[in-house]
Amino acid sequence: ALLRDPDSLFETLDLDGNGTVELDEFRKSFQAVDVPYHVAILMLFDKDHDGAISREEFREGVRLLNARHAAAATATAGEGKGEGKGGHNSKRIVEHVDQLFDSLDLNHDGELDVREFEAFVREYYHR
């Protein structure tokens with residue numbers, strides 16, 4: 001029941017024990033157990049463990065991935081200027097993420113299944 005215990009999963013993924021899971025650790029951990037990358041990301045997005053990603057889960061997952069990506073970029077580039085926390089930017093981001101969700105939800109059921117989610121990971125995050 002590793003998937004049902006977030007603390008155990010986190011400890012397994014945090015290979016260097018520094019209290020954070022870097023993207024490289026995440027990839028290595030799931031490659032080691034032969035879990036496809038898109039399935040591993042789906043498991044992180046799927047907060048209620050129902051095997052599908054709702055719009056809210058997708059919004060939160062994309063927000064977290066983007067925040068992690070931005071933090072990594074800031075760390076490598078030194079301190080930069082932030083864009084602020086204006087509500088206008090936040091609203092545009094949510095609208096963009098919702099449009100992305102709608103384009104990926106091929107059967108228009110309000111959820112992303114594994115096949116639909118795989119297309120998202122392949123296009124936007126798999127390198």
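All of the points below concern the structure found in this document. Counting restarts for each chain: residues are numbered from 1 in the order of the written sequence. Since the coordinates come from a predicted model, pLDDT governs what is reported: local features require at least 70, and pairs of side-chain atoms require 80 or more to be given and counted, while whole-chain, interface and lining totals use all residues. Water and hydrogen atoms were dropped before computing side-chain values, which therefore reflect all heavy atoms in the structure.

Structural notes on the side chain of Glu 25
As a reminder, the rule being used: Only DSSP runs of H or I reaching four residues or more are called helices, and only runs of E reaching two or more are called strands; each is numbered from the N terminus. Pairs of N or O atoms within 3.5 Å make up the polar contacts considered here, provided that, within protein, one atom can donate a hydrogen while the other can accept it, and that residues adjacent in sequence are counted only when both atoms are side-chain atoms. Only heavy atoms matter for contacts: two residues are in contact if any of them lie within 4.5 Å across the pair.
With respect to the secondary-structure elements, Glu 25 resides in helix H2 (residues 23-32). Within the local environment of Glu 25, its side chain forms a polar contact with the backbone nitrogen of Leu 15, the two atoms lying 3.1 Å apart. A polar contact is formed between the side chain of Glu 25 and the backbone nitrogen of Glu 22, at a distance of 2.8 Å. For Glu 25, the contacting residues outside a window of four places in its chain are Leu 13, Asp 14, Leu 15, Asp 16 and Thr 20.

Notes on the pattern of salt bridges
Applied cut-off: The rule for a salt bridge is simple: a side-chain nitrogen of Lys or Arg has to be within 4 Å of a carboxyl oxygen of Asp or Glu.
All told, the structure shown has six salt bridges when counted by the stated rule. A salt bridge links Asp 98 to Arg 55; the shortest N-O distance between them is 3.5 Å. Residue Asp 98 is located in helix H5 (residues 87-104), and its partner Arg 55 is located in helix H4 (residues 55-77); the two are separated by 43 residues in the primary sequence. Overlapping salt bridges, with partners in common, bring together Arg 55, Glu 56, Arg 59, Asp 98 and Asp 102 in one network.

Examining helix H6 (residues 114-124)
Applied cut-off: Categorising residues by exposure relies on relative accessible area from a 1.4 Å probe, with only protein chains included: less than 20% of the type maximum marks a residue as buried, more than 50% marks it as exposed, and the intermediate range marks it as partly exposed. Arc, as used here, means the arc of the directions from the helix axis to the C-beta atoms.
Of the residues making up H6, those classed as buried are Glu 116, Phe 117, Phe 120 and Val 121. When H6 is viewed along its axis, its buried side chains cluster within an angular range of 135 degrees and face the same direction. For H6, the exposed residues lying more than 90 degrees away from the buried face are Arg 115, Arg 122 and Glu 123. You can read the cap of H6 off the contacts: a side-chain oxygen lies 3.1 Å from the backbone nitrogen of Arg 115, and it is on Asp 113.

Topic: the nonpolar core
Note on soluble globular proteins: their nonpolar side chains tend to be buried together. Applicable threshold: The set of buried Ala, Val, Leu, Ile, Met, Phe, Trp, Tyr and Cys residues whose side-chain atoms join them within 4.5 Å is what this entry labels a nonpolar core.
Membership of the largest hydrophobic core comes to 19 residues, with the highest contact counts inside it found for Phe 45, Ile 53, Phe 58, Leu 112, Phe 117 and Phe 120. Contributions of two or more residues to this core are made by helix H1 (6-13), helix H3 (37-45), H4, H5 and H6. Among all residues touching Leu 112, those that are not within four sequence positions of it are Ala 52, Ile 53, Phe 58, Phe 101, Leu 104, Asp 105 and Phe 117.

Here's the deal with the packing of aromatic side chains
Under the convention used in this document: Any Phe, Tyr or Trp ring, taking Trp's six-membered ring, that has another such ring centre within 6.5 Å forms a pair; planes under 30 degrees apart are called stacked, those over 60 apart edge-to-face, and the others tilted.
Following the criterion strictly, the structure yields three aromatic pairs and no others. Centroid distance Phe 45 to Phe 117: 5.1 Å. Interplanar angle 65 degrees. Geometry classified as edge-to-face. Here the residue Phe 45 occupies a position in helix H3, and Phe 117 occupies one in helix H6, the gap between them amounting to 72 residues. By the burial criterion, Phe 45 is buried, and Phe 117 matches it. Three or more aromatic residues joined by ring pairs make a cluster, and in this case those are Phe 45, Phe 58, Phe 101 and Phe 117.

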